Amino acid sequence: MTFPAAHPRTALSVNVNKVALVRNTRHLGIPSVLRAAEACLAAGAQGITVHPRPDGRHIRAHDVHELAALLKAWPDREYNIEGNPTQNLMEFIRAVRPSQATFVPDGEDQFTSDHGWSFPQDAQRLAPLIQECRQLGVRVSLFMDPIAEQMQAARAVGADRVELYTEPYAAAWGTPGQEAQLARYASAAQAALDVGLGVNAGHDLNQDNLTAFVARVPGLAEVSIGHAFIADALELGYAETVRAYQRCIDAGMLDRS
Ligand SMILES: CC(=O)[C@@H](O)[C@H](O)COP(=O)(O)O
Ligand SMILES: NCC(=O)COP(=O)(O)O
């Protein structure tokens, strides 16, 4: 399916954290993170995302480097490495130079990501790190709550994109608050576009809530999806799960136009 240049297809980046989480429960090397990534790329996923947390609970340093080598065989796909640049992220960015670095303000022992950066408080410590990434040729995306008023500051600090934290939308899915959340994300995305930022999104997106989000949120360049995707892949397999999520995206794109 092709889309007009004015509305390029929202890219699917598969987060493989949870494959590593299961692998780490034995010393057998299975399930393979590499095989998962390769199967998703072969099925058409536009990118792979990892979040190598400092405690190594799932993605570890060797995964980051092995996936970088794999992605070299897929030059038209993207590698997105997430993390807190004041912790361990920058060592990976310098060594691997992925397509994109997504800065996430997580603490070292955080259960999962649950908030975005705040401006002006975070600007001073982020600016030099963003500049370094851009000098390395790495696009920078800032994990942000869907607050339209924060987008100007995100741009001013040098970010190329924002990634809208979508758990509040996912939590409202199927409730009376769903529409208000969609309007909130659409407003934040438009504010980002208005100041020259690209728009990514992620966290708790799934096959139920993805289509409506793609349809309503303008200029959505990329969704990164992991937890629900891997849960679905346990039942459907990686290739069919990629196709299922692509169908959700394409349905949203058609609703948008
Ligand atoms: C930043 C974000 O929302 C996710 O990309 C993050 O990778 C989730 O981390 P866990 O997989 O450790 O829950
Ligand atoms: N940036 C979001 C991501 O990579 C995956 O989040 P989730 O789908 O595991 O919640």
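Quick notes on the rules
Residues numbered from 1 in each chain as written. Chains lettered and ligands numbered in written order. Predicted model: local features only at pLDDT ≥ 70, side-chain atom pairs only at ≥ 80, totals over all residues. Heavy atoms only, no water. UniProt positions renumbered as here; feature names shortened; annotations may be inferred. Near = heavy atom within 4 Å. Nonpolar A, V, L, I, M, F, W, Y, C, P; charged D, E, K, R; others polar. Polar contact = N/O pair within 3.5 Å; in protein donor to acceptor, adjacent residues only side chain to side chain. Areas by Shrake-Rupley, 256 points an atom, 1.4 Å probe, with all protein chains shown as cover. Helix = DSSP H or I, 4+ residues; strand = E, 2+ residues; numbered from the N terminus. Contact = heavy atoms within 4.5 Å. Buried < 20%, exposed > 50% of the residue type's maximum accessible area, 1.4 Å probe, protein only. Salt bridge = Lys/Arg side-chain N within 4 Å of Asp/Glu carboxyl O.

An unreviewed UniProt entry lists the chain under the name Pyridoxine 5'-phosphate synthase, with Melaminivora suipulveris as the source organism. UniProt, in its Subunit (unreviewed entry) section for the chain, records the words "Homooctamer; tetramer of dimers." Quoted verbatim from the Subcellular location (unreviewed entry) field of the UniProt record, the comment on the chain reads "Cytoplasm".

Moving on, we come to the site of ligand 1. Around ligand 1, the neighbouring residues are Asn15, Asn17, Lys18, His51, Arg53, His58, Glu82, Val104, Thr112, Ser113, Phe143 and His203. When grouped by side-chain class, the residues that make up the shell around ligand 1 number 2 nonpolar, 7 polar and 3 charged.

Moving on: the site of ligand 2. Close to ligand 2 lie Asn15, Thr49, Glu82, Glu163, Gly202, His203, Asp204, Ser224, Ile225, Gly226 and His227. With respect to ligand 2, the backbone of His227 contributes an N or O atom lying 2.8 Å from an oxygen atom. The fraction of the free accessible surface of ligand 2 (310 Å²) that becomes covered by protein chains is 92%. Broken down by class, the residue content of the shell around ligand 2 amounts to 1 nonpolar, 7 polar and 3 charged.

Right, let's get into the UniProt feature "site: Transition state stabilizer" (unreviewed entry) in the chain. In the numbering used here, UniProt assigns the "site: Transition state stabilizer" (unreviewed entry) feature to Glu163. Looking at where Glu163 falls in the secondary structure, it is placed in strand S6 (residues 161–165). Not counting chain neighbours up to four residues away, the residues in contact with Glu163 comprise Glu82, Thr102, Ser141, Leu142, Phe143, Met144, Asn200, Ala201, Gly202 and Ser224.

Let us now look at the UniProt feature "binding site: 3-amino-2-oxopropyl phosphate" (unreviewed entry) in the chain. On the UniProt side, "binding site: 3-amino-2-oxopropyl phosphate" (unreviewed entry) is annotated at positions that read Asn15, Arg26, Asp204, Gly226 and His227 here. Across 213 residues of sequence, these annotated residues are also dispersed in space, with a maximum C-alpha separation of 26.4 Å. Positionally, Asp204 belongs in the loop between strand S7 (198–202) and helix H9 (210–216). Judged by relative accessible area, Asp204 falls into the partly exposed class, the value being 37%. Turning to its location among the elements, His227 is positioned in helix H10 (residues 227–236). Accessibility expressed as a relative area gives 53% for His227, which makes it exposed. Polar contacts involving the side chain of His227 include one to the side chain of Lys18, which spans 2.8 Å.

Our focus in this paragraph is the pattern of salt bridges. Tallying each qualifying case throughout the model produces 12 salt bridges. For Glu132, the salt bridge is made with Arg94, and the minimal N-O distance between the two is 2.5 Å. Linking Glu132 in helix H5 (residues 123–135) with Arg94 in helix H4 (residues 89–96), this pair joins segments that are 38 residues apart in sequence. A relative accessible area of 42% means that Arg94 is categorised as partly exposed.

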